[in-house]
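# Analysis of the macromolecular model
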Amino acid sequence: MNRLRRWWRQRFLRKHRIPLPLWETALAQARALRGLSAGERRRLRELASRFLHEKSIVGAQGLAVTDEMRVSIAAQACLLILYLDLDYFDGWREVIVYPDAFVVDHEEHDEAGVVHKTRRALDGEAWGQGPVILSWQDARPGARGPGSNVVLHEFAHKLDLLNGSANGMPPLHADMSHPAWTEALASAYDDLNRRLDRGHHTAIDPYAAENPAEFFAVLTENFFEVPQLLYETYPKVYEAFKQFYRQDPLLRMRGE
Ligand SMILES: [Zn+2]
């Protein structure tokens, strides 16, 4: 980094860095943020500070968004890009937080061109150029059991959407193989669907079997929250995620 950039960065951080007590609370509360080294915590705090400066996190339906909530969301979102860059979240500005599951109307066209209107209650939603939408009831720390994390889930969709459609393939790095990614994810996806069709219990949330985009988002939750489970169930997916996120949460949590 050249001297001018470093100077700008220091100046920005002096003015906008997340205050330490708020930061430590966020780190202590979120399961996925455990085991980070001192250097990683520093890097994450800087990314989250910049995230909060660039994005607005607003409440819907009368929800008052507190600084604790903002920092919690920013820290977990930025865990995904800890070894990538904040520009992976470019192209949109807003995070909307509902107090509870929110109802959305969707219109879908089937192959015959018929429009189907559906109404569903969601705990989160992410669109290509639009906001990330979260239900605080589901996104607050401790809301879900180990392995489940609505914040990681929705922001993983944002990464997937970077190269167009939500299809379970984010923009891979130059040193990564597209066929290896597809093979790892597709065979795991087929395996999960087969197990569910046979009525087997799976430790992976069955929602992952919905489509490849949900598979990527749900397994990203597992990768950061319960890396051992993903490593043991689908080691090739774990390896592919390790290359994409440039992190090894299993190693991190073992060293805790
Ligand atoms: Zn989803």
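Parameters and conventions
- Residues numbered from 1 in each chain as written.
- Predicted model: local features only at pLDDT ≥ 70, side-chain atom pairs only at ≥ 80, totals over all residues.
- Heavy atoms only, no water.
- Helix = DSSP H or I, 4+ residues; strand = E, 2+ residues; numbered from the N terminus.
- Rg over C-alpha atoms; globule rule 2.2 N^0.38 Å.
- Buried < 20%, exposed > 50% of the residue type's maximum accessible area, 1.4 Å probe, protein only.
- Areas by Shrake-Rupley, 256 points an atom, 1.4 Å probe, with all protein chains shown as cover.
- Lys, Arg positive; Asp, Glu negative; His and termini not counted.
- Charge placed at Lys NZ, Arg CZ, Asp CG, Glu CD.
- Polar contact = N/O pair within 3.5 Å; in protein donor to acceptor, adjacent residues only side chain to side chain.
- Phe/Tyr/Trp six-rings, centres within 6.5 Å; stacked < 30°, edge-to-face > 60°.
- Pairing = 2+ DSSP bridges.
- Expected span 1.5 Å × (residues − 1).
- Axes fitted to C-alpha atoms, helices over the stretch in contact; angles between N-to-C directions.
- Parallel < 35°, antiparallel > 145°, perpendicular 65-115°, else oblique.
- Left-handed = near helix turned anticlockwise from the far one by under 90°.
- Contact = heavy atoms within 4.5 Å.
- Salt bridge = Lys/Arg side-chain N within 4 Å of Asp/Glu carboxyl O.

## Comments concerning the overall build of the chain
The secondary structure content of the chain amounts to 11 helices and six strands. The C-alpha atoms of the chain give 19 Å as radius of gyration, which agrees with the globular expectation for 256 residues (18 Å, within 12%). Out of the 256 residues in the chain, the part that is buried amounts to 46%. When the accessible area of the chain is evaluated, it comes to approximately 13,200 Å², of which 49% is carbon and sulfur surface. Mean positive and mean negative side-chain charge positions of the chain (32 and 35 charges, respectively) differ by 11 Å.

## Here we look at the environment of N211
In this structure, N211 sits in the loop between α7 (178-197) and α8 (212-225). The spatial distance from the C-alpha of N211 to the C-alpha of E54 is 31 Å, given a sequence separation of 157 residues. In terms of polar contacts, N211 uses its side chain to reach the backbone amide nitrogen of A213, at 3.0 Å. A distance of 2.8 Å separates a polar side-chain atom of N211 from the backbone nitrogen of E214.

## Some words on the packing of aromatic side chains
Enumeration over the complete set of coordinates arrives at 20 aromatic pairs. Geometrically, the ring pair formed by F89 and F155 is edge-to-face, given 5.3 Å between the ring centres and 65° between the ring planes. Of the two residues, F89 is situated in the loop between α4 (67-80) and β2 (94-98) and F155 in helix α6 (residues 150-160); the sequence distance between them amounts to 66 residues. Residue F155 is classed as buried on the basis of its relative accessible area of 0%. Between W92 and F155, the ring centres sit 6.0 Å apart and the planes meet at 50°, which makes this aromatic pair tilted. With a gap of 63 residues between them, W92 in the loop between α4 and β2 and F155 in helix α6 connect regions that are remote in the sequence. The same class applies to W92 and to F155, which are both buried.

## Observations regarding the pairing of strand β4 (residues 115-122)
Walk down a regular strand and you will see the side chains alternate between the two sheet faces. The pairing of strand β3 (residues 102-109) with β4 spans eight bridges and is antiparallel. Bridge assignment links H106 to a residue of β4, and that residue is T118. From the end of β3 to the start of β4, which pair antiparallel, there are five residues, and G113 there has a positive phi angle of about 85°.

## Section: α4
Taking 1.5 Å per residue, 14 residues should reach 20 Å; α4 reaches 21 Å between its end C-alpha atoms and fits that length. Of all the 14 residues making up α4, 11 are buried; the element is thus mostly covered by neighbouring parts of the structure. Here α4 has its buried residues at M69, V71, S72, I73, A74, A75, Q76, A77, C78, L79 and L80.

## A closer look at the packing of helix α3 (residues 38-54) against α4
Running from N to C, α3 and α4 point in directions that differ by 120°, and their axes come no closer than 9 Å. Judged by the angle between their axes, α3 and α4 are oblique. Here α3 runs over α4; the crossing is right-handed. Residues L44, L47, A48, F51 and L52 of α3 form the contact with α4, whose own contacting residues are R70, V71, A74, A75, A77, C78 and L79.

## Some words on the side chain of E221
With respect to the helices and strands, E221 occurs in helix α8. Among buried Asp, Glu, Lys and Arg side chains, E221 stands out as unpaired, with R144 the closest opposite charge at 5.2 Å. Leaving out residues up to four positions away in the same chain, E221 has contacts with G147, S148, N149, V150, L152, H153 and V226.

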